[in-house]
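Structural features, examined
Below are the chains, spelled out letter by letter.
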Amino acid sequence: ESDPGVQQLVRDGHRKVAWIDDAEPLSSAAAMGVAWQDAPFETELVRVPESAGMEVLVRELLERPDRPTALAGPEHHVSAFLAACRISGVSVPGQFSLIALTNAESERRAARQGLSSTMIDSAIVGQRAGEAMLAWLGGEPPEAVMDVQTTHWTPRATHGPVSA
């Protein structure tokens, strides 16, 4: 797995990660969630609570015998989960590690809150496509398949090793 955030979770000993989302199927968050299904740990999709507060989800996850030790998803959901952990006295990163999926705008909010994050930088795809097109116009045909790393991992205060 080439995603640096996934690599960090594996190094930290996480074996089960909850992915929280209510995104549209074609959103970047949904695509990232699908990509994480191939990660070297178990990934479980948890839905954003519709009627109960996020504190209920925190409690439900903690009560599970084989609970996830990390939670990832779009920044606004992970921020709400972090707030619910703080209200409930749940330690982060002790009882949960949290990873926010961000873009250029939500990355600033993640930084202010100290959320570890994986930022999807869609501008990189456009930049690489432009470079390939210019090279092609210059007589150099593009590669059949281009591997473009579009994510940036930023470790902050909300991730850490699995607690015993």
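Everything here concerns the structure above.
Okay, so let's go over this structure. (Residues numbered from 1 in each chain as written. Predicted model: local features only at pLDDT ≥ 70, side-chain atom pairs only at ≥ 80, totals over all residues. Heavy atoms only, no water.)

Focus on the overall build of the chain
In terms of helices and strands, the chain carries six helices and six strands. Listing each helix as α and each strand as β along the chain from the N terminus yields α-β-α-β-α-β-α-β-α-β-α-β. Considering only contacts in the chain between residues 6 or more positions apart, those separated by 24 or more positions represent 74%. When the accessible surface of the chain is summed, it comes to about 8900 Å², and 54% of that surface belongs to carbon and sulfur atoms. (Helix = DSSP H or I, 4+ residues; strand = E, 2+ residues; numbered from the N terminus. Contact = heavy atoms within 4.5 Å. Areas by Shrake-Rupley, 256 points an atom, 1.4 Å probe, with all protein chains shown as cover.)

Considering the nonpolar core
Core analysis: the biggest nonpolar cluster contains 20 residues, and I20, L71, F81, F96 and L98 have the highest contact counts within it. Secondary-structure elements contributing two or more residues to this core are β1 (16–21), α3 (54–63), α4 (75–88) and β4 (97–102). Those residues in contact with F81 that lie beyond four places of it in its chain are M54, L57, V58, L61, L71, F96 and L98. Judged by nonpolar contacts, the second largest core, of 12 residues, contains V6, V17, W19 and I120. (Core = buried A, V, L, I, M, F, W, Y, C linked by side-chain atoms within 4.5 Å. Buried < 20%, exposed > 50% of the residue type's maximum accessible area, 1.4 Å probe, protein only.)

Observations concerning the pattern of salt bridges
Under the criterion given, the structure shown has seven salt bridges. R109 is paired through a salt bridge with E105; the nearest N and O atoms lie 3.5 Å apart. In this pair, R109 and E105 both sit in helix α5 (residues 104–113), four residues apart, roughly one turn of the helix. On the basis of relative accessibility, which here comes to 30%, the residue R109 falls in the partly exposed class. Here E107 makes a salt bridge to R156, at a shortest N to O gap of 2.5 Å. Of this pair, E107 sits in helix α5 while R156 sits in the segment after β6 (151–154), placing them 49 residues apart in sequence. Owing to a relative accessible area of 11%, E107 belongs among the buried residues under this scheme. If you follow the salt bridges from partner to partner, you end up with K16, E42, E44, R64 and D66 in one network. (Salt bridge = Lys/Arg side-chain N within 4 Å of Asp/Glu carboxyl O.)

Digging into the side chain of H77
Structurally, the position occupied by H77 is in helix α4. H77 has contacts with I20, D21, D22, V48 and M54, leaving out every residue within four places of it along the chain.

Quick look at the environment of L101
Following the sequence through the fold, L101 ends up in strand β4. Between the C-alpha atom of L101 and that of T151, which follows or precedes it by 50 residues, the distance is 9.4 Å.

Quick word on the packing of aromatic side chains
The full count for this structure, using the stated rule, is one aromatic pair. Summarising the aromatic geometry, the rings of F81 and F96 are spaced 5.3 Å apart at their centres and angled 85° between planes, so their arrangement reads as edge-to-face. One end of the pair, F81, is in helix α4; the other, F96, is in the loop between α4 and β4, with 15 residues separating them in the sequence. Like F96, F81 is buried. (Phe/Tyr/Trp six-rings, centres within 6.5 Å; stacked < 30°, edge-to-face > 60°.)

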